Amino acid sequence: MKNSHSESYKSAGVDVVAGYESVKLMRGDVERTHKGVRGVMESIGGFGGLFNLAPYLSGMKEPVLVSGTDGVGTKLKLAFLLDRHDTIGIDAVAMCANDIICCGAKPLFFLDYINCGKNLPERTAAIVKGVADGCVKAGCALIGGETAEHPGLTPVDEYDISGYCVGIADKEKIITGANIVEGDVIIGLASSGVHSNGFSLIRKVFGITTKDSLSEIIPEYNKTLGEILLTPTEIYVTPVLELISQVQVKGISNITGGGFYENIPRCLPENTTAKINKSAFHIPPIFRYLQEKGNIPERDMFNTFNMGIGMTCVVGADEADKAVAVLEQAGARAFCIGEVVSGDEGIVLL
């Protein structure tokens, strides 16, 4: 017997019309990332994002494309609880763009992927607004993406976001760390806060399960815990590219998951060690509060979080003062936080 009940894609949980509305709402934000970025060829709506490399090849002997992909992790849980979705996209861009500049590459374009249980057009547009804000700050164009509705797989009130960034560098100018020597200076660039790593531990320590659990006012900031933790990841593209144009940068590390202990040694050659002076930079109060509340050993803190330094650059000792000045003029807060010494410890914190 024939079933008289009529089924549709919408009745199965996928609203195609909502997808159309999302595209309409995000169009302006996507298009503003194209301004000033040479190479953008197609507006939103095509099956593939097109980008013309020709404007960037002049003067390059051997152009190399550099790519990075990442997500935001469980920081998303805070966005869900606070129902604030306009900054999380900045984190997605930062996690990718900050990685590819570590070899000296200039970010060119970005693509995002949003997986949601239900496509709520206003929420999706807010997420993409954050992505666009991040792209503008990174100087790259948002040329494509995907919003996928996955009912039955992703909870209706949740989503995940990830991104993919492509940049370009001249092969002979790629920063590898190979020419780092004993006596070189390590410069730290200040973070905007916790950034996007370690949130599984943060949520456990602070017992973050409800909106109310994020409402505590932290006196040093005069902001709520939620506002502090949801602060987007700093994007270092502009100051670092400016530094590279004026100073010989020998190595760069993005201080993400793994903190100081994993990331700073990644740019060092064998038989060298990073000696870091903890008193040379400011550790934001949120890290001390987290450490005390969770009774977390200091080594674990520096092995998980950025502790106030979101990126490090290695330069020759004779250019250290100039490097700090260039970075600060370009909008970053920078400090000489250590030096390269001989040894095989990888990193030593004093």
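Attention in this report is confined to the structure presented alongside it.

Reading guide: rules and limits
Residues numbered from 1 in each chain as written. Predicted model: local features only at pLDDT ≥ 70, side-chain atom pairs only at ≥ 80, totals over all residues. Heavy atoms only, no water. Pairing = 2+ DSSP bridges. Helix = DSSP H or I, 4+ residues; strand = E, 2+ residues; numbered from the N terminus. Axes fitted to C-alpha atoms, helices over the stretch in contact; angles between N-to-C directions. Buried < 20%, exposed > 50% of the residue type's maximum accessible area, 1.4 Å probe, protein only.

### Examining the sheet that holds strand β8 (residues 249-254)
Part 1 of the reasoning: One open sheet accounts for six strands, arranged β8-β10-β5-β11-β9-β12; its pairing is mixed. Bordering the open sheet on either side are β8 and β12 (347-349), each of which pairs with just one other strand. Averaged over all pairs of adjacent strands, the angle between their axes in this sheet comes to 25°, without regard to strand direction.
Part 2 of the reasoning: Relative to β12, strand β9 (residues 272-276) runs parallel, the two sharing three bridges. Bridge pairing in β12 places Ile 276 opposite Leu 349.

### Examining unusual backbone geometry
Part 1 of the reasoning: A positive phi angle, near 55°, is found at Asn 222, a position not held by glycine.
Part 2 of the reasoning: A residue is classified by how much of its surface remains accessible, and Asn 222, at 64% relative accessible area, is exposed.
Part 3 of the reasoning: A positive phi angle, close to 50°, is found at Asn 295, a residue other than glycine.
Part 4 of the reasoning: Here Asn 295 is to be found in the loop between α10 (285-294) and α11 (298-302).
Part 5 of the reasoning: Owing to a relative accessible area of 68%, Asn 295 belongs among the exposed residues under this scheme.

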